[in-house]
Amino acid sequence: MNEIRCGHCQRLLARAVFSKIEIKCPRCGTFNIQSAVSAMPERPLSVESMINGKPNARSGF
Ligand SMILES: [Zn+2]
């Protein structure tokens, strides 16, 4: 679990497990972007996993 804090006012924005997060501080309006690159080793995407992926993953949002 990582704490996401505003880079400007240090307000605690969230606690989360993430690979990349973009969040706007509601207090000062600073747009914070953080990438968790050190926590876990990256899993390389294989061709097989892409074929077996669900085709409807993009629906919604
Ligand atoms: Zn802030």
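Overview of the structure.

Procedures and definitions
Sequence order as written defines the numbering, with residues in each chain counted from 1. Owing to the predicted nature of the model, reporting of local features is limited to residues with pLDDT of at least 70; listing and counting of side-chain atom pairs is limited to 80 or more, with chain, interface and lining totals taken over all residues. Side-chain measures were taken over the full set of non-hydrogen atoms in the model, leaving aside hydrogen atoms and water. Side-chain atoms within 4.5 Å are what join buried Ala, Val, Leu, Ile, Met, Phe, Trp, Tyr and Cys residues into a set we call a nonpolar core. Only protein chains enter the accessibility calculation, which uses a 1.4 Å probe; a residue is then buried when its area is under 20% of its type maximum, exposed when over 50%, and partly exposed in between. Strands here are runs of E lasting at least two residues and helices are runs of H or I lasting at least four, both read from the DSSP assignment and numbered beginning at the N terminus. By the criterion applied in these results, polar contacts are pairs of N or O atoms within 3.5 Å in which, for protein atoms, one can donate a hydrogen and the other can accept it, and in which residues neighboring in sequence qualify only through two side-chain atoms. We call two residues contacting when some pair of their heavy atoms lies within 4.5 Å. Sodium, potassium and calcium take a 3.2 Å donor cutoff, other metals 2.8 Å, and in both cases only N, O and S atoms count; water is not among them, so sites may look incomplete. Only two sets of limits are used to name each site, 85 to 135 degrees for every angle of a tetrahedral four-donor site, and over 155 degrees for opposite donors with all other angles from 65 to 115 for a square planar four-donor or octahedral six-donor site, with any other site named irregular.

Another point: the nonpolar core. Across soluble globular proteins, nonpolar side chains show a tendency to be buried alongside one another. In this structure, Ile4, Cys6, Leu13, Ala16, Phe18, Ile21, Ile23, Cys25 and Ala36 together form the largest nonpolar core, which totals 9 residues. When residues of this core are traced back to their parent elements, those giving at least two are strand E2 (12-16) and strand E3 (20-24).

Before going further, it helps to spend a moment on the side chain of asparagine 32. Inspection of the secondary structure assignment puts asparagine 32 in strand E4 (residues 31-35). At 2.7 Å, the side chain of asparagine 32 and the backbone nitrogen of glycine 7 are in polar contact. Not counting chain neighbours up to four residues away, the residues in contact with asparagine 32 comprise Arg5, Cys6, Gly7, Leu13, Ile21, Glu22, Ile23 and Cys25.

Within the protein, Cys6 (SG), Cys9 (SG), Cys25 (SG) and Cys28 (SG) serve as the donor atoms for the zinc ion, at 2.3 to 2.4 Å. In this structure, the zinc ion is coordinated by 4 donor atoms arranged in tetrahedral fashion, with angles at the metal of 102 to 121°. In the primary sequence, the donor residues of the zinc ion line up as C-x2-C-x15-C-x2-C. Here cysteine 6 is found in the loop between strand E1 (2-5) and E2, whereas its partner cysteine 28 is found in the loop between E3 and E4, with 22 residues between them in sequence. On the basis of relative accessibility, which here comes to 0%, the residue cysteine 6 falls in the buried class. Accessibility expressed as a relative area gives 33% for cysteine 28, which makes it partly exposed.

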